[in-house]
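Residue strings, one per chain:
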Amino acid sequence: MTDAKEPSLSHPSRPLAVAIGIALLVTAGFLIFALASYDHSQIGGATQPSANLAGSAGARLANLLIDTWGLTALLLPLLALGYSIALLRGSPLARLGARLTGAVLLIPVLCGLLHLLPANRLSESLLIRWDHDLVSYGGGLGGALGHLLAGQAPSIHPQAGEGLLLRFLGPGGTALILGCLLVAALFLMQLHLIGLAQRISRAMRAYGQEKGSSQ
């Protein structure tokens, strides 16, 4: 009798884990190039879609993701990269279902929270780069999903309406609900942020002590 576990989604066989890890790594790279080099002119016809570092397909995919999720679209390559590293290192993906549930929950939560952020020079420059119309429509950084949840009714185009949460809960209630859901999503994903913060703090203290003793 052996105690070896049968291959599963949480504990894939080593060749399968490597194959999936490489596929996710390539996907992450493709998405990073597509999103980082995206400009609405690549879709609007002012420039060629090939101006995108990921080509025409990358420009169109970036357009879809940014229109739908806004800045939250950057979460996709980060998640793909994280799971790729875990698989290539041979780390078991314990509680995979809960982690994926947390990742799925995190997307609308971040979209809503980003839409609650006040306008500033950086957000306006991003919106202009993504699509000039987003500024006149009072668009936020959370894309269409963010507006659906927490968008303000713009004065220029009031027919766009307010977000569902904002309409019934107001800014404070919306921020509270989304904040609680953010904590729940991070808990399900088991990112161990407190432990990570503690390790970073210890490393910084050790570096400071080492630097002080060498002077």
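Residues numbered from 1 in each chain as written. Predicted model: local features only at pLDDT ≥ 70, side-chain atom pairs only at ≥ 80, totals over all residues. Heavy atoms only, no water.

## Digging into the overall build of the chain
Okay, step 1: Along the chain, the regular secondary structure elements total ten helices and zero strands.
Okay, step 2: Secondary structure elements in the chain, listed N-terminal to C-terminal, are α-α-α-α-α-α-α-α-α-α.
Okay, step 3: A burial count over the chain gives 32% of its 215 residues as buried.
Okay, step 4: Put simply, of all contacts in the chain between residues at least 6 apart along the chain, 63% involve residues at least 24 apart.
Okay, step 5: Of the roughly 12,900 Å² of accessible surface on the chain, 68% is carried by carbon and sulfur atoms. (Helix = DSSP H or I, 4+ residues; strand = E, 2+ residues; numbered from the N terminus. Buried < 20%, exposed > 50% of the residue type's maximum accessible area, 1.4 Å probe, protein only. Contact = heavy atoms within 4.5 Å. Areas by Shrake-Rupley, 256 points an atom, 1.4 Å probe, with all protein chains shown as cover.)

## So, helix 3 (residues 55-69)
Okay, step 1: If you check helix 3, its first and last C-alpha atoms are 21 Å apart, about what 15 residues at 1.5 Å a residue would give, namely 21 Å.
Okay, step 2: Positive backbone phi, at 65°, marks glycine 70, one or two positions downstream of helix 3. (Expected span 1.5 Å × (residues − 1).)

## Description of the side chain of serine 84
Okay, step 1: Positionally, serine 84 belongs in helix 4 (residues 75-88).
Okay, step 2: Residues within four places of serine 84 in sequence aside, it is in contact with Gly21, Leu24 and Leu25.

## Things to note about the packing of helix 8 (residues 143-150) against helix 9 (residues 164-189)
Okay, step 1: Where helix 8 contacts helix 9, the axes come no closer than 7 Å and their chain directions differ by 85°. In this view, helix 8 runs roughly perpendicular relative to helix 9, as classed from their interaxial angle. Residues Leu148, Leu149 and Ala150 of helix 8 pack against Leu164, Leu165, Leu166 and Thr174 of helix 9.
Okay, step 2: Partitioned by chemical class, the residues of the contact of helix 8 with helix 9 number six nonpolar, one polar and no charged. (Axes fitted to C-alpha atoms, helices over the stretch in contact; angles between N-to-C directions. Parallel < 35°, antiparallel > 145°, perpendicular 65-115°, else oblique. Nonpolar A, V, L, I, M, F, W, Y, C, P; charged D, E, K, R; others polar.)

## Here we look at helix 6 (residues 121-130)
Okay, step 1: Those residues of helix 6 lying buried are Ser123, Leu127 and Trp130. An end-on view of helix 6 places all buried positions within 65° of arc, on one side of the element. Across helix 6 from its buried face, at more than 90 degrees, point the exposed residues Arg121 and Leu122. (Arc of directions from axis to C-beta.)

## Some details on a nonpolar patch on the surface
Okay, step 1: Nonpolar side chains collect at one region of the surface, where Ile22, Leu25, Val26 and Leu88 lie side by side and expose about 330 Å² of accessible area between them.
Okay, step 2: Considering every element that reaches the nonpolar patch, the biggest residue donor is helix 1 (residues 14-36), with three residues.
Okay, step 3: Locating leucine 88 in the fold gives a position in helix 4. (Patch = residues over 30% accessible without salt bridge, like charges linked within 9 Å, V, L, I, M, F, W, Y side chains within 5 Å. Salt bridge = Lys/Arg side-chain N within 4 Å of Asp/Glu carboxyl O.)

## Remarks on the environment of phenylalanine 30
Okay, step 1: Residue position: phenylalanine 30 is located in helix 1.
Okay, step 2: Sequence separation between phenylalanine 30 and glycine 55 is 25 residues; the distance between their C-alpha atoms is 9.7 Å.
Okay, step 3: Apart from residues no more than four positions distant in its own chain, phenylalanine 30 is found in contact with Ala54, Ala57, Gly58 and Leu61.

## Quick look at the environment of leucine 169
Okay, step 1: Tracing the backbone through its elements, the reader meets leucine 169 in helix 9.
Okay, step 2: By relative accessible area, leucine 169 is classed as partly exposed at 42%.
Okay, step 3: On a C-alpha basis, the gap between leucine 169 and alanine 150 in space is 9.7 Å, while along the polypeptide they are 19 residues apart.
Okay, step 4: Setting aside chain neighbours within four positions, we find leucine 169 in contact with Thr174 and Ile177.

## Concerning the side chain of threonine 72
Okay, step 1: By the secondary structure assignment, threonine 72 is in the loop between helix 3 and helix 4.
Okay, step 2: Using a relative accessible area of 3% as the deciding quantity, one classes threonine 72 as buried.
Okay, step 3: Residues contacting threonine 72, with those up to four places away along its chain left out, are Ile107, Leu110, Cys111, Leu114 and Leu141.

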